[in-house]
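Structure assessment
The chain contents come next:
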Amino acid sequence: MKMYMKKCIAFFLALPFLFACDDSSTTDKTVEPFGYSEDFETNELSAWASYPFWQDTAFDPNMRVDSIAPGDSNLSIVQKVTPYTHVDNYAGAQKKFDAYMVPGSTIKLRYYLKTELDPEFFKIRLAAGPDGKVDYTITNPVTNRWVWIEADYHDFIKQNADLPKGKIKVNALAVLAKFPKADPAMPIFLGIDDVELKGARKTPFSFSEPEMVNLTEWKPFIPKKHYQSGETFSLKGTWPFDAERVSLKITSFTHRQNTVLNKDLNGDGDEWETTFELTFPEGLYLATLEAHKEGKKLSDTEFTIFIRPDSIGGNHPRLWFDQKGRNRVVSRLNSARFNNVEEKIRSGAKKNREENPVGDIVFDMDQFPGADIHPANGLPNIVPWFARINVWRSGLYNNALAYHLLGDKEAGEYGKALLLKISAFPSWLHPWFAERGQHIYYPVGELGMQVALSYDLLYNLMNETERQKVRNAITKQIVEACHKGYVEDDLVTNNTSNWVAHNTGGSIMCQAAMYGDDNSMQPEPYFTGAVLKAYDMVQKSIGSDGAYGEGYGYYNFTMSSLAKSLPAMDNVFDIDMSEKIRGSYKELIWAGNIKNKKAYYFGDSRGELGPLTHWAWLLAKHKDPLLGWFYNHLKGDETMMDVLYETGDVPAEDPFDENPVKFFRNVGTTVFKSGWEKDDFIFVMRTGAFYNHQHLDQGSFWLADRGSRFIEERHGSTYYLDPYYQSWYTQPVAHSTILIDHNHQSQRVGDPLVFADGFHDHAFLYHYLNGTDAAFSSGDIGKLYWGKVKQIRRNVLY
């Protein structure tokens, strides 16, 4: 993988920093100067998103880098706000940080409010941890030209009288403008440019060995080198303060409770070092350094260690099975049980060859319309692009399987020719996304998984020149594109979107397929960067009590990619991300009518439950009895996943002896049911934090009884093409929630549950109680109404 340089968006100074703490001026070397600047001239959002978040952070058509005024060659964030009714509207942007404001710290930026209205205020807002939201506000801001604004530490102290003196934590920086009584005929535009933060940060360990990569948006340092089991790891560096002890703790990256090493470094003062043998198994590990003095922690620094698979180069297949596993799969495919799967692969491959000859596939991505097409009026040109990508995906998948598992040589030649054909194309991405500074979109990530599998299964059909051609293509189109867009620019920065699973899944599978085949490739920071992003998505999109934040349709979509990429990551790299996912299906069983195979969802989605094909790997791995019942309750025909993973011999235990009343606190779902039968009473309400694809409808509910649904989620939009999608379909007025002041837009999108400590304006389950004869739920939704109310709680007695 070739390395590349990107415009530096953050800079760090290594000079002593003076700041006042408790009214005494001291030099505190546990913090150091931190500086950030961004002018957006690379045409990338650079980890900025709307504030509050757009309801689909992976596809926000109203937030891009552009020129805000005709003739202005300057690039900036440009957010378009469309007032759907004659009510107050807001514009804003936000970005995560890990910094402090101290005396001498400043935040400086330019803003442009393009509007015919008189804005009420413009705010710079900090997510300040336990101090909550900390604002610096200017009233009646100037409009229709670029305006500089600068606020220092003392400005924030003056406007926030209750703020304790000392360091102000900056977990995120946001800007927010209010436009009273906006005109539905006149859109509003917000421009943000030349952002500069001069502050402080916790002083990290300075590594002299090993050589490290530091990704701006991610906390752990990443060694450039991958290690072999048994190799000696040498750690050296400095901490520029007088620590008495520096400790090192190493845990499994995905199972943080599993500690594999605890030891102290040698040294005193600011120079520290240690060596140790990597005796633990292959896989990814998280190491934490902590500096201590007089029993107090002064600072900490995280880094990763990857112990790579041994002698993997040139060994294929490897992603879903090795050679021994292949023999098992072939044997199962040849059995009577899986005749339908074998026939589907064989006939699908033949259909691909007949309907889409490789000679007829041409590059025409450059003919699609670019960024000036606004999807508020529909984006019809995206459908034929999807069609092209899907033709390639299907052709590669069916024909690679038909060759490798069924011995179909014609299929192998077609798959190889198609793989080489698209590898020669300059781009796989729709120009609309490329011109808007996005390097990858989810269908390309999905394509990456099929390309990786085809490379793995067709490896022996290609010569080394052909393999190199494919490796170059997937490095550019998938691995680098995912890294630029989803790791460096941290697109979908809240990480609760299925899009993250598709794109990181493509990158991880491509890297797993290629690893060791070309020693000239430099795997870092692409490898660990993709793992960091994927792991964060798993942690943040799944509640600890058995629910996935997005609705069933998107949960199923997420699992369609995780079912491909996570087993490959486990098989090749011994990195197992399944633990948090293993119980994430439980809300599907409780929150709906499971005997009617219907899940009651919230937001963009669907609720008709189909076969759990994409859970087969999870069931085989953990043999969860409840999932075993659920899988077989919904099972249809045998699938390729049933061939790969035995699902017929796992224990099964139905839920019908369990209490049908249940609360999922993390996502905020209340379930009141009189029983498990098809005609029982069912009430399901959502009062929780923001997860991707949700509507502005917290407090909305489903109500069914005696086999009839009386109140349900609004559904039926075509997403890209529906002109009423944004103005009606996602708005509170289209749902069974509470409107105030006759305002169709009463609610806003709330903050995520886990994003930036200090931004906690979200709905939540305030109180719930389940008794023998009655149950009660109180959902607090008041923080979603822009300060119009002191409190709103939706209280339900069952």
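Residues numbered from 1 in each chain as written. Predicted model: local features only at pLDDT ≥ 70, side-chain atom pairs only at ≥ 80, totals over all residues. Heavy atoms only, no water.

Focus: the overall build of the protein chain
Spelled out, the test is: Every helix listed is a DSSP run of H or I at least four residues long, and every strand listed is a run of E at least two residues long, numbered separately from the N terminus. The atom set for the radius of gyration is the C-alpha atoms, and the globule formula is 2.2 Å times the number of residues raised to the power 0.38. Exposure classes here rest on a 1.4 Å probe applied to the protein chains alone. A residue is buried below 20% of its type maximum, exposed above 50%, and partly exposed in between. The contact definition used throughout considers only heavy atoms, calling two residues in contact when any of these lie within 4.5 Å. Method for areas: the Shrake-Rupley scheme with a 1.4 Å probe, in which residue coverage is limited to the protein chains shown. The convention is simple: Lys and Arg are positive, Asp and Glu are negative, and His and the chain ends are not counted. Where a charge lies is defined by one atom per residue type, namely NZ (Lys), CZ (Arg), CG (Asp) and CD (Glu).
Scanning the protein chain from N- to C-terminus turns up 16 helices and 35 strands. In terms of C-alpha radius of gyration, the protein chain reaches 27 Å, essentially the compact-globule figure of 28 Å for 798 residues. Taken over the C-alpha atoms alone, the protein chain extends approximately 80 × 70 × 65 Å along its principal axes. Looking at the protein chain residue by residue over its 798 residues, the buried ones come to 62%. Look at the contacts in the protein chain between residues 6 or more apart in sequence, and 74% of them connect residues 24 or more apart. About 30500 Å² of surface is accessible on the protein chain, with carbon and sulfur atoms providing 48% of the total. On the protein chain, the mean spot of the 85 positive side-chain charges and the mean spot of the 103 negative ones are 2 Å from each other.

Looking at the sheet that holds strand β18 (residues 232-243)
The condition is simple: Think of it this way: DSSP has to see at least two bridges between two strands before they count as a pair. What counts as an axis is a line fitted to C-alpha atoms, over the stretch in contact for a helix, and the angles between N-to-C directions run from 0 to 180 degrees.
With respect to topology, 3 strands assemble into an open sheet ordered β15-β18-β21, the strand pairing being antiparallel. Here the strands that pair on one side only, and so sit at the sheet edges, are β15 (206-209) and β21 (266-277). Recorded for the sheet is a direction-independent mean angle of 25 degrees between the axes of neighbouring strands. Sheet topology note: the β18/β21 ladder contains 8 bridges and is antiparallel. By the bridge assignment, Thr238 is partnered in β21 with Glu271.

Re the pattern of salt bridges
Worth spelling out the cut-off: When a carboxyl oxygen of Asp or Glu is within 4 Å of a side-chain nitrogen of Lys or Arg, the pair counts as a salt bridge.
By the definition in use, this model includes 48 salt bridges. Between Lys178 and Glu120 there is a salt bridge; the shortest N-O distance is 3.3 Å. In this pair, Lys178 sits in strand β13 (residues 168-179) while Glu120 sits in the loop between β9 (106-114) and β10 (121-127), placing the two residues 58 residues apart along the sequence. The exposure class of Lys178 is buried, given its relative accessible area of 12%. Between Arg709 and Glu712 there is a salt bridge, and its shortest N-O distance comes to 2.9 Å.

Some details on the pairing of strand β7 (residues 76-81)
The buried fraction of β7 amounts to 5 of the 6 residues, a majority that puts the element mostly inside the structure. Summarising the sheet, strand β6 (residues 63-66) and β7 pair through 4 bridges and their orientation is antiparallel. Following the sheet pairing, Asp66 is matched in β7 by Ser76. In this structure, β7 lies alongside strand β14 (residues 188-202), joined through 5 bridges in antiparallel fashion.

What to know about a negative patch on the surface
Basically, it comes down to this: In this analysis, a patch consists of residues with relative accessible area above 30% that form no salt bridge, clustered at 9 Å for like charges and at 5 Å for the nonpolar side chains Val, Leu, Ile, Met, Phe, Trp and Tyr.
Among the surface-exposed residues, Asp268, Asp270, Glu271 and Glu273 lie close enough to one another that they form a single negatively charged patch. Positionally, Asp270 belongs in strand β21.

Observations concerning unusual backbone geometry
Following Glu209, the chain continues into Pro210 via a peptide bond in cis, with omega recorded as 0 degrees. Among the structural elements, Pro210 can be located in the loop between β15 and β16 (212-214). The peptide bond linking His316 to Pro317 adopts the cis configuration, its omega dihedral lying at 0 degrees. Tracing the backbone shows Pro317 in the loop between β23 (296-307) and α2 (323-333). Backbone geometry places Ala47, a non-glycine residue, at a positive phi of 70 degrees. Along the polypeptide, Ala47 turns up in the loop between β4 (31-38) and β5 (49-50). At Lys597, a position not held by glycine, the phi torsion is positive, near 55 degrees. Note on placement: Lys597 falls in the loop between β26 (592-593) and β27 (598-599).

Considerations on the packing of aromatic side chains
Cut-off, in case you're wondering: Ring geometry is summarised as follows: Phe, Tyr and Trp rings, the Trp one being its six-membered ring, pair when their centres sit within 6.5 Å, and such pairs are stacked at plane angles under 30 degrees, edge-to-face over 60 and tilted between the two.
One pass over the structure, following the stated rule, counts 60 aromatic pairs. Judged by centre distance (6.4 Å) and plane angle (85 degrees), the ring pair of Phe306 and Tyr515 falls under edge-to-face. Of the two residues, Phe306 is situated in strand β23 and Tyr515 in the loop between α9 (498-514) and α10 (526-541); the sequence distance between them amounts to 209 residues. Of the residues examined, Tyr515 reaches a relative accessible area of 12% and is grouped as buried. Plain terms: the ring middles of Phe306 and Phe573 are 5.7 Å apart, the flat faces sit at 75 degrees to each other, and that makes the pair edge-to-face.

What to know about the packing of helix α7 (residues 442-457) against helix α11 (residues 552-573)
Rule in force here: Between 65 and 115 degrees an angle is taken as roughly perpendicular, under 35 as roughly parallel, over 145 as roughly antiparallel, and anywhere else as oblique. Handedness of a crossing follows from how the near helix is turned relative to the far one, being left-handed for an anticlockwise turn of less than a right angle and right-handed for a clockwise one. Residues were grouped as follows: Ala, Val, Leu, Ile, Met, Phe, Trp, Tyr, Cys and Pro as nonpolar; Asp, Glu, Lys and Arg as charged; and all remaining residues, including Gly, as polar.
Where α7 meets α11, the closest approach of the two axes is 10 Å, and the angle between their N-to-C directions is 30 degrees. Viewed along their axes, α7 and α11 adopt a mutual orientation that is roughly parallel. Of the two elements, α7 crosses α11, and the hand of that crossing is left-handed. Residues Tyr442, Glu446, Met449 and Gln450 of α7 form the contact with α11, whose participating residues are Phe557, Ser561, Lys564 and Ser565. Split by residue class, the contact of α7 with α11 holds 3 nonpolar, 3 polar and 2 charged.

Let's talk about the layout of surface pockets
The test is simple: Cavity and pocket criteria rest on a 1 Å grid covering protein atoms alone: a 1.4 Å probe that fits but cannot get out defines a cavity, protein on both sides within 12 Å along at least 5 of 7 lines defines an open pocket, and an atom within 4 Å of a point defines a lining residue. Grid points are joined across faces, edges and corners, and a volume is the space filled by probe spheres set on the points.
Counted as a void, the largest pocket has a volume near 1300 Å³. Taken together, 40 residues make up the lining of the largest pocket; nearest its centre are Asp98, Glu217, Trp218, Lys219 and Pro220. For the lining of the largest pocket, the element with the most residues is α10, which contributes 5 residues. Taken together, the residues of the lining of the largest pocket break down into 20 nonpolar, 6 polar and 14 charged.

Examining the environment of Thr730
Relative to the elements of secondary structure, Thr730 occurs in the loop between α16 (725-729) and β33 (764-770). For the pair formed by Thr730 and Asp697, sequence separation is 33 residues and the distance between their alpha carbons is 7.9 Å. Those residues in contact with Thr730 that sit more than four places away from it in its chain are Gln55, His695, Leu696, Tyr725 and His735.

Concerning the confidence of the model for the protein chain
Where we set the bar: pLDDT is defined as a per-residue confidence score from the predictor, taking values between 0 and 100.
A residue-level look at the protein chain finds 95% of positions with pLDDT of 70 or above and a mean pLDDT of 93. Between residues 1-26, whose pLDDT stays under 50, and residues either more than four places distant or in other chains, the model counts 71 contacts.

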